[in-house]
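Structural description and commentary
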Amino acid sequence: MTAEPLSLADPYTVPTSHWHALPDGRIQCDVCPRACRLHEGQRGLCFVRGRVDDQVVLASYGRSSGFCVDPIEKKPLNHFLPGTPVLSFGTAGCNLSCRFCQNWDISKSREIETLSASASPAALAETAQRLGCRSVAFTYNDPVIFMEYAMDVADACRERGIRAVAVSAGYMNAAPRAEFYAHMDAANIDLKAFTEEFCRKVTAARLEPVLETLAFLRDSPVWFEITTLVIPGHNDSDAEIGQQCDWLLANLGPDVPLHFSAFHPDFKMRDIPRTPAATLSRARRIAVEAGLRYVYTGNVHDPGGQTTSCPGCGTAVVVRDWYEILDYRLDPAGRCAGCGYAVPGRYDGPAGTWGRRRLPVSVVASGS
Ligand code: SF4
């Protein structure tokens, strides 16, 4: 995309609404707290939004970096239509600058080739339905930056009974946040750490707006879970994990699922070792002792740390290994088969049988 100047003549470029003009002649994008202040022709930090013809445009509407059918547990969402397939896709660019980015080839892409697949919202919804997906997920890069495309895809999917899932770092301003989540059914929010210092130094962002997004979701109908990527030596101290869990309990209650996920060396943090499984188990123990009821380890084989236990009777109601469900003891409405306790989440029927498969797909642009 670097080589191409922004232009509304480009079929993948659309006008947007969350911006305002500044007295000095620049235009400020109001989608996220970056508040990029743009001269004509300039792109924002996310690279896919920029200023052309005195307005902010999105230059990746209808373009994707690829499609894949995943288990919903991979997003990760453990309490949302368990065991079902989700059609996952992303675009390019990101509004964070995480030094540990695990998808940096997409998020930091400046190449149009990254956006090789084109798909209208209708074609995407059609494909998701044809493949038996129960939901579509905006993932790989943060949908905040391509919110207009994501919302239209979500609407097209919802018309067919397919739900919409956002996988996001939650770094968003209040007005676009309310508009965006009105179109979503579920979200996984990456809570990258619990100190402003980590957020500033490692992600070049601030913590407070992410906590505001979590509080917003608490009061919304959107089902949400939280993921923290645990990075050795950076956000893995007992004190920081304890503070995070105390905040979650006090502000969101005990029922929001929390995933502690293993880091692997990547992008600008290749000198940091992979997270030991013992660190994830320690983090999980701290969270459980703090009072959180649904705490999981991720990116490791750890059935004990990936099992949902019924708070009512202690039965292991969903036993998982990585993304696969090994045993399932909830009724179609999500109640414990043993004692009837309603495990929080979104359930409508028996667990799916997608398993751990990952199926790359192409979307045929038959829709309009
Ligand atoms: S969405 Fe992109 S252009 Fe807008 S403020 Fe955030 S980083 Fe800047």
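Quick caveat, the model's predicted, so the values are computed rather than measured. (Residues numbered from 1 in each chain as written. Predicted model: local features only at pLDDT ≥ 70, side-chain atom pairs only at ≥ 80, totals over all residues. Heavy atoms only, no water.)

Here's the deal with unusual backbone geometry
Cis geometry marks the peptide bond from K75 to P76, where omega comes out at -10°. Relative to the assigned elements, P76 resides in the loop between β8 (67–71) and β9 (85–89). The phi torsion at A35 lies on the positive side, around 50°, for a residue other than glycine. Considering the arrangement of structural elements, one finds A35 in the loop between β3 (27–29) and β4 (37–38). Positioned with a positive phi, D53 is a non-glycine residue whose angle comes to about 50°. (Helix = DSSP H or I, 4+ residues; strand = E, 2+ residues; numbered from the N terminus.)

Comments concerning the pattern of salt bridges
Scanning the entire structure with this criterion turns up 19 salt bridges. Between K75 and D70 there is a salt bridge, with its nearest N and O atoms 3.1 Å apart. Across this residue pair, the class does not change: K75 and D70 are buried. When the shortest N-O distance is used, the salt bridge between R218 and D219 registers 3.0 Å. The exposure class assigned to R218 is partly exposed, which follows from its relative accessible area of 38%. Among the charged side chains, a network of salt bridges with common partners joins E40, R51 and D54. (Salt bridge = Lys/Arg side-chain N within 4 Å of Asp/Glu carboxyl O. Buried < 20%, exposed > 50% of the residue type's maximum accessible area, 1.4 Å probe, protein only.)

Observations concerning helix α2 (residues 121–130)
Considered for burial, the residues of α2 that qualify are P121, A123, L124, A125, T127 and A128. Those residues of α2 that are buried lie in contact with β8, β9 and α3 (147–159). Once α2 finishes, G132 follows within two positions and takes phi at roughly 75°, a positive value. (Contact = heavy atoms within 4.5 Å.)

Brief notes about the sheet that holds strand β6 (residues 55–58)
The antiparallel open sheet is built from 3 strands, whose spatial order is β1-β6-β5. Looking at the sheet topology across the chains shown, the edges are occupied by β1 (14–15) and β5 (49–52). When β1 meets β6, the two strands line up antiparallel, connected through 2 bridges. Residue pairing across strands places P15 opposite V57, the latter belonging to β6. (Pairing = 2+ DSSP bridges.)

Details of the sheet that holds strand β11 (residues 135–138)
Strand order in this open sheet of 9 strands is β16-β15-β14-β13-β12-β11-β9-β8-β20, and the pairing throughout is mixed. Each edge of the sheet is formed by a strand with only one pairing partner; in this case those strands are β16 (295–298) and β20 (359–361). Adjacent strand axes in the sheet meet at a mean angle of 25° when their direction is disregarded. Bridge count between strand β14 (residues 223–230) and strand β15 (residues 258–262): 5 bridges; the pairing is parallel. In the strand pairing of β15, I226 is matched with L258. Sheet strands touched by helix α8 (residues 277–290): β14, β15 and β16. Its angle to β16, the strand with the most contacts, is close to 170°. (Axes fitted to C-alpha atoms, helices over the stretch in contact; angles between N-to-C directions.)

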